[in-house]
Amino acid sequence: MPTARMRSLVFVTVVLTWSTTAFQICNPSFVSPTSSHRYHRQQLNDGSLVDRSVGNARRSASLPTLFMSTDSNGDDVKVDEIERLKQSASKLRAEAQALESTRSTKTTTSSSYVDLPKKQYDYYDLRDSCWEVTYRFANEPESKKEEDTTTQRVFYSGKLQLQFRQDGYTDILSSADESSKSTATFNKAWGWDLETSNQDSLDYILFSTDVSLPPPISTKERFYFQARVDKDAKSNNLLSLQDGSVTVKRNIESPAGGGWWGIFRGADGILAQFRQVGEFRCKPVPPAGQGDGTDGQ
């Protein structure tokens, strides 16, 4: 919509233009002072023009006093004043056009960068749901021994999209930066399971993946993922995955001196524990094959 300043400028321009045109029609003598004086003397010498002069004077008297200016000799409106008013009207008209052009450009620019909202995907069942996993984990857990300097820990981060199939298997939909030599490569995702914890009686989803770690580690490792499954009762049990943790399985080290612990020697892997090496978070994504949810908008 035009601003109040623009409307005022246009109004003043129209009034000035109309007044100048009307004055020209009613007073043709204003163009040249010489011709005005000549016409005045002709009125005095020719009585037949007196009535016409009186009629013109009456029409001139009906115009606004803003344009009427006479000197001591009874001359008509000064040409300089008329020219000044015409220049002012032209300047106001140009300013109004410039303001309108600026406003139109800003409107076009702002409308061309409007972000279109993306469709939000909600899941109420883990079966056939798709999630984007943003992870950060290390190849080894933090050592319990402060003086241990032999364990090399390297951190990896990235994004991974998974689908928890209805039959309990897990599909890897995509893995960010798969071509990079410095990122972890997810080779295979194993089945997923939903369990209720005996400690807090909450539901947790568990799944594992086989990962190839690039140099300098250069090894393959199985990482275990676990996240709490929350249900929003106010939104018809809308699902969300929270507090994701990444763990690896490591053998329990025998205490110094051996003792009865020696009976387990030679049976590595029988006594093992899961050690946390990182964290991850999840957000729902469109089902496989349905794009990013913008629906071509």
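Okay, so let's go over this structure. (Residues numbered from 1 in each chain as written. Predicted model: local features only at pLDDT ≥ 70, side-chain atom pairs only at ≥ 80, totals over all residues. Heavy atoms only, no water.)

### Digging into unusual backbone geometry
Apart from glycine, the bulk of residues carry a negative phi angle, and the bulk of peptide bonds sit in the trans form. Here the residue pair Pro215 and Pro216 is connected by a cis peptide bond, since its omega of 10° sits within 30 degrees of zero. When you line up the elements, Pro216 lands in the loop between β6 (203-213) and β7 (219-232). Of note in this structure, Ser201 is not a glycine but carries a positive phi near 60°. Here Ser201 shows up in the loop between β5 (193-196) and β6. Here the phi dihedral of Asp243 falls at roughly 55°; this positive angle occurs in a residue that is not glycine. Relative to the elements of secondary structure, Asp243 occurs in strand β8 (residues 238-251). Asp243 gets classed as exposed once you look at its relative accessible area, which sits at 58%. (Helix = DSSP H or I, 4+ residues; strand = E, 2+ residues; numbered from the N terminus. Buried < 20%, exposed > 50% of the residue type's maximum accessible area, 1.4 Å probe, protein only.)

### Section: the pairing of strand β3 (residues 170-175)
In summary, the side chains of a regular strand alternate between the two faces of the sheet. With 5 bridges connecting them, strand β2 (residues 155-164) and β3 associate as antiparallel partners. Paired with Gln163 across the two strands is Asp171, which belongs to β3. The turn joining β2 and β3, which pair antiparallel and follow one another in sequence, is formed by 5 residues; a positive phi near 95° is taken by Gly168. (Pairing = 2+ DSSP bridges.)

### Describing the packing of aromatic side chains
What the rule picks out here adds up to 11 aromatic pairs. Look at Phe164 and Phe207: their rings are 5.4 Å apart centre to centre, the planes differ by 55°, and that puts the pair in the tilted class. Linking Phe164 in strand β2 with Phe207 in strand β6, this pair joins segments that are 43 residues apart in sequence. Taking relative accessible area as the criterion, Phe207 reaches 5% and is therefore assigned buried. An angle of 5° between the planes, with centres 5.1 Å apart, marks the rings of Phe207 and Phe225 as stacked. Linking Phe207 in strand β6 with Phe225 in strand β7, this pair joins segments that are 18 residues apart in sequence. These aromatic residues form a ring-pair network of at least three members: Tyr135, Phe137, Tyr156, Phe186 and Phe223. A cation over an aromatic ring shows up here: Arg136 above the ring of Phe155, its NZ or CZ 4.3 Å from the ring centre. (Phe/Tyr/Trp six-rings, centres within 6.5 Å; stacked < 30°, edge-to-face > 60°. Lys NZ or Arg CZ within 6 Å of the ring centre and 35° of its normal.)

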